[in-house]
Amino acid sequence: MINRCLHFMLLAMSSSPDLTTTGTATADDSPMKMDRSVPYDLIIVGRGMIGSAAARHAAKILQIENSVECKIALVGPSEIGVKNKGIDDPMRMPEQKVEVYGAHYDEGRITRKTDQDPIWAELASRSIDRYDEIKKEANADNKNKSRSTRGTNKYDFYVECGHLAVGTIGGEVISSRIENANKNMKLELHRLKSVHELKERFPYLTFPNDCEGIFEEHDAGYISARGLVSAQTNAAKQMGVHVYDKVVEQVMKQEIDDDNDSEVNDSGIFEVTCSDSTVLTSNKVLVTSGAFTNARALLPVKLDLKPIKTQTVQFFLNDKDASSLQGMPSVIFKNDKKWAYILPPIRYPDGSMRLKLGGALIQPDNDDIYGPERILKTSQDVMDWYEGGGTELAKEEMTELLHSFVPSMSPLKILSNSCATLNTPTRQAYIGQVSPGWAVGSGGNGFAAKSSDELGRLAALCILRKEDFAKEKICGQFASDIFRPQVDTIR
């Protein structure tokens, strides 16, 4: 037997709060404990929106086909708060060191079935249709509890307040959404053909005079990204997935040559070493690590991915202002001068009510809102950006934008918050195997939150049942072609 070892330093990112290590990973496990005879079928590195969804779907695949307990591990550290311009998040203890950040560390992400891109529209539609399923499976543990300890709707991550898209009359922003909705989903949309109709329907919002909009009343609104990850993770746990609240330091792949014709020998054996010296073994690994996919050398190849700086402003509202916006939908706006997305007032864990906007002015000579100056090239760049809170210039610009769309607000405080999206040259996600038994599910391009459940399902399928994944189609195209990872360099 010849062993050829490939070493890669992996850091698991993406998490959800209030999760503890379960299954075989306990505080009493001995350092370097490892059972080579019974490896996991799959280890998922990254516990964010795509990774937690992949764990739930992977458990379903293995349970349906094997009728036995699945052997899946979902690995990633819990959120411990954000250090933002020297101001610590209430969830963060002063002595805790943050090693990675996740894009889901927030309470508001727009969800809707309409989109200018038919692929992302279909991904969103499939995901939204399973929100009730996720919630039901996440709350399955309530059946085993007494009436006094049983929770009610603990994993209620979705608010159906509707979604409003606004753009220039006759422009592509609205027409492409309508076309995709009519062609692929037959959605019921309310068209508001002038700024007067927009004002009549939503008197607290203000738009330029040459605008029209479409209102998606049902199956749209916003989700708590934190809540979704928590729900997906708990649902996976109910199906036997072992959740490790740990940071992965290293993955070693041993390729084994022998005469046995098995899937293990096709893939090799992966050894995943965590920071506390726990070693997990698996036949397959799926990396769902967001902005750290390349920066942390998580794969045997460097993918053509660009982590991009993003930023939002949040208005902390008083009770009067929050009440005046009751019933407000989530909003997306774009014309040739500016773009923005707006979340309605949302209650945050610290009790504050916040109105959030992300957006920017569009420069006449450059419509590339993801220019080279916004690319995060290293792991430290990503960390510094998350902890910096963004730029003052962008904060001022977005503050003016939010006041222009939602006038008459008197915020108690204005917070600038920084995040990162992971962009691909195709503007589609990457889902596929980059080496036998080694797959990636990443590259959300800023659209993945609402669509993460379907992305996770496809990622689970591509690593566990590649023949079935090869048959999957979206809008008449093969998913394996749409989401094929593009390699930049071999490590």
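Everything here concerns the structure above.
Residues numbered from 1 in each chain as written. Predicted model: local features only at pLDDT ≥ 70, side-chain atom pairs only at ≥ 80, totals over all residues. Heavy atoms only, no water.

A. Structural context of the overall build of the protein chain. Assigned secondary structure in the protein chain consists of 14 helices and 27 strands. Across the 491 residues of the protein chain, 57% fall into the buried class. (Helix = DSSP H or I, 4+ residues; strand = E, 2+ residues; numbered from the N terminus. Buried < 20%, exposed > 50% of the residue type's maximum accessible area, 1.4 Å probe, protein only.)

B. Expanded view of the pairing of strand E24 (residues 438–442). Of all 5 residues making up E24, 5 are buried, and the element is well covered by its neighbours. The alternating pattern of E24 places Trp438, Val440 and Ser442 and Ala439 and Gly441 on opposite faces, both of which are buried. Direction of pairing for strand E16 (residues 285–287) relative to E24: parallel, over a ladder of 3 bridges. Bridge pairing in E24 links Val285 to Trp438. (Pairing = 2+ DSSP bridges.)

C. Main features of the packing of aromatic side chains. Per the counting criterion, the structure on display carries 13 aromatic pairs. Pairing Tyr131 with Phe157 gives two aromatic rings, centres 5.4 Å apart and planes at 80°, and the pair type is edge-to-face. Here Tyr131, found in helix H3 (residues 131–138), pairs with Phe157, found in the loop between H3 and strand E7 (158–159); they are 26 residues apart in sequence, far enough to count as distant. Look at Phe202 and Phe215: their rings are 5.2 Å apart centre to centre, the planes differ by 75°, and that puts the pair in the edge-to-face class. With a gap of 13 residues between them, Phe202 in the loop between helix H5 (195–201) and strand E10 (211–216) and Phe215 in strand E10 connect regions that are remote in the sequence. We note that Phe202, like Phe215, is buried. The ring of Phe405 is capped by Lys338, whose NZ or CZ atom sits 5.0 Å from the centre of that ring. The ring of Phe316 has Lys413 sitting right over it, with the charged end atom 4.4 Å from the ring centre. (Phe/Tyr/Trp six-rings, centres within 6.5 Å; stacked < 30°, edge-to-face > 60°. Lys NZ or Arg CZ within 6 Å of the ring centre and 35° of its normal.)

D. Spatial organisation of the pattern of salt bridges. For the structure on display, the rule yields 27 salt bridges. Taking the shortest distance from any N to any O, the salt bridge between Arg47 and Asp245 comes out at 3.4 Å. Here Arg47 is found in the loop between strand E2 (42–45) and helix H1 (49–66), whereas its partner Asp245 is found in the loop between strand E12 (242–244) and strand E13 (248–256), with 198 residues between them in sequence. Classification of Arg47 as buried rests on a relative accessible area of 0%. (Salt bridge = Lys/Arg side-chain N within 4 Å of Asp/Glu carboxyl O.)

E. Local environment of the sheet that holds strand E6 (residues 109–111). If you walk across this open sheet you meet the 3 strands as E6-E11-E7, and the pairing is antiparallel. A single partner strand is all that each edge strand has here, and the edge strands are E6 and E7. Strand direction decides the pairing type here: E6 and strand E11 (residues 221–223), joined by 3 bridges, are antiparallel. Counted as the bridge partner of Thr111 is Gly221 from E11.

F. Molecular detail of the pairing of strand E21 (residues 353–361). Across the 9 residues of E21, 8 count as buried, placing the element largely inside the fold. Inspection of the sheet shows strand E18 (residues 306–316) paired to E21 by 4 bridges, in the antiparallel sense. Note that in E21 the partner of Phe315 across the bridge is Leu355. Summarising the sheet, strand E20 (residues 338–347) and E21 pair through 8 bridges and their orientation is antiparallel. Along E21, the bridge assignment pairs Ile342 with Leu357. Counted along the chain from E20 to the antiparallel partner E21, the turn is 5 residues long, and its residue Gly351 has a positive phi close to 95°.

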